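Topology and contacts: notes
So you can see what is in the structure, the chains are spelled out below.
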Amino acid sequence: MNNNINDLINTDLRHIWHPAAQMKDYETFKPILVKRAKGVYLYTYDDKKIIDIISSWWCNLLGHNNDKINNALITQLKDFEHVIFANFTHKSAIDLVLNLQKILPKNLKRFNFADNGSSSVEMALKMAFQYCMQTGKTKKVKFACLEDGYHGETIGALSVGSLDKYTQIYRPMMLDSIHIKAPDCYRCPFNKNRDCCNAECLSYAKETFELHHEEICALILEPLLQGASGMKIYPIKYLQGIRDLCTQYDILLIADEIATGFGRTGDYFACTKANIEPDLMTISKGLTAGYMPMSIVCTTDKVYDAFYDDYAKGKAFLHSHTYAGNALSCAIANCVIDILINDGVLSKAKESSSYLTKRFNEEFLEHKNVGEIRHIGLIHAIELVSNKESKTSFDASQRIGYRIYQNALSKGLLLRPIGDVLYFNPALNIEKYDLDNAIDIAKHAIFEVLDNL
Ligand SMILES: Cc1ncc(COP(=O)(O)O)c(C=O)c1O
């Protein structure tokens, strides 16, 4: 069997280009061959058990190989898998738009389907732009976004993202977006605390809108949590304030809930938690609980109506994706929403969250390199720093996070830090003993690396 495993891994390395990786790193740190998965555990061919504490890039919402979701998938499969969604429809898609309206902000009533997060962001940007062109706001040709934001990897999505590591080289081919200084609660320039501030940093958005509102068609942001920039959490007040500013300056608000949707922030959506209504919302990841790729742009009657006219007027949204409305994905999404509403998942996640906060504070807070512990919903993050007083980051060349990642994996925990920010973002229905297990491994893995610097 070992020969077999090595053969498979060598074949992988000869042909497969893995995501977001310097493939040379794989020479010394080979890909892990997964044989099966159940709940929060991955099982390898060489009989190792790994806790997936990041729910496989935040999408595996309800545990791997979930019996209810498996059944929903099989039931749909017995009828059919996928049909063209232009001029055709099916019950699973129709059920889904009704189910979504049970949990989304009430103004979102129109749904356009795509097949991954980035493509829904592209769709939302195009929709917002075309909306402005078709409602007489023809000078509004630019997008505003928050610094440190991440919205995906396609060119439009990259253009409204600000993480230099991902975007730098592509700048010459990107859209010219307007980047607004984002909240930075750990290193707040106003010396405030995110739990009781007045969102003073909204002044940056206000100044930008004041100067550029005539050319801005939409602002896109990750509501409450900037995930890819290191699980940066900002206050509800800021999100509410930016909603008001968008209304005031006639700028559409696109809430990218790809990472925050479906219970991740403790409510169904970050927008429902903040009690705001965006003009467009992108959803993916948790929508299909890590089973099948699907994304949706949810929007209002007002936006939809700007496209609705006689064909000859040329106002239609001529945008399509082959897998739009995929029936298997829709069936899964219906099951996910049913579980969220009826199986007490959010209240279980709330209990787990309080427990995790307590344990994180007990186990990690005192360490000299733990700068901040922050949390929202079940997501808990630790930002490591070289100097706690000055909040100075480690030199990136030390690759502290990466070393901890490797160490944790060797002990059976999939942590996958973002730079030097380590985080848990597990399935919402994770059990307490699995959290305990993950904390024990994380503790050893983190301190072994830090204490040997
Ligand atoms: C907020 C946000 N938007 C968009 C994306 C891109 O989604 P995808 O990787 O499915 O293209 C991500 C992925 O992590 C995300 O976190």
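Residues numbered from 1 in each chain as written. Predicted model: local features only at pLDDT ≥ 70, side-chain atom pairs only at ≥ 80, totals over all residues.

What to know about the domain arrangement of the chain
Domain boundaries assigned for the chain yield domain 1 (32-65 + 344-450) and domain 2 (67-342). On a C-alpha basis, the centroid separation for the pair domain 1 and domain 2 is 26 Å. Domain 1 puts 27 residues into the contact, and the matching count from domain 2 is 24 residues. The set of elements that each furnish at least two residues to the side of domain 1 that touches domain 2 consists of α3 (55-58), α14 (345-364), β13 (370-376), β14 (379-384) and β16 (421-424). Here the side of domain 1 that touches domain 2 takes five residues from α14, the largest share from any one element. Looking at side-chain class alone, the side of domain 1 that touches domain 2 contains 14 nonpolar, eight polar and five charged residues. (Domains from an automatic or database assignment. Contact = placed C-beta atoms within 7 Å. Helix = DSSP H or I, 4+ residues; strand = E, 2+ residues; numbered from the N terminus. Nonpolar A, V, L, I, M, F, W, Y, C, P; charged D, E, K, R; others polar.)

A look at the pairing of β13
Of the strand pairs in this sheet, β13 and β14 are connected by six bridges, and their pairing is antiparallel. Within β14, the residue paired with Arg374 across the bridge is Ala381. (Pairing = 2+ DSSP bridges.)

A look at the site of the ligand
Around the ligand, the surrounding shell holds 14 residues, and the nearest of these are Gly117, Ser118, Gly152, Ile258 and Ala259. In terms of residue count, helix α6 (residues 117-134) provides more of the shell around the ligand than any other element does, three residues in total. Partitioned by chemical class, the residues of the shell around the ligand number five nonpolar, seven polar and two charged. (Near = placed C-beta within 6 Å.)

Some points on the sheet that holds strand β5 (residues 142-146)
The seven strands lie next to each other as β4-β12-β11-β10-β7-β5-β6, forming an open sheet whose pairing is mixed. The open sheet terminates on both sides in strands that have one partner only, identified here as β4 (110-114) and β6 (178-180). Adjacent strand axes in the sheet meet at a mean angle of 20° when their direction is disregarded. With four bridges connecting them, β5 and strand β7 (residues 216-221) associate as parallel partners. Of the residues in β7, the one forming a bridge with Ala144 is Leu219. Here helix α9 (residues 202-212) sits on the sheet in contact with β5, β6 and β7, set at roughly 155° to β6. (Axes fitted to C-alpha atoms, helices over the stretch in contact; angles between N-to-C directions.)

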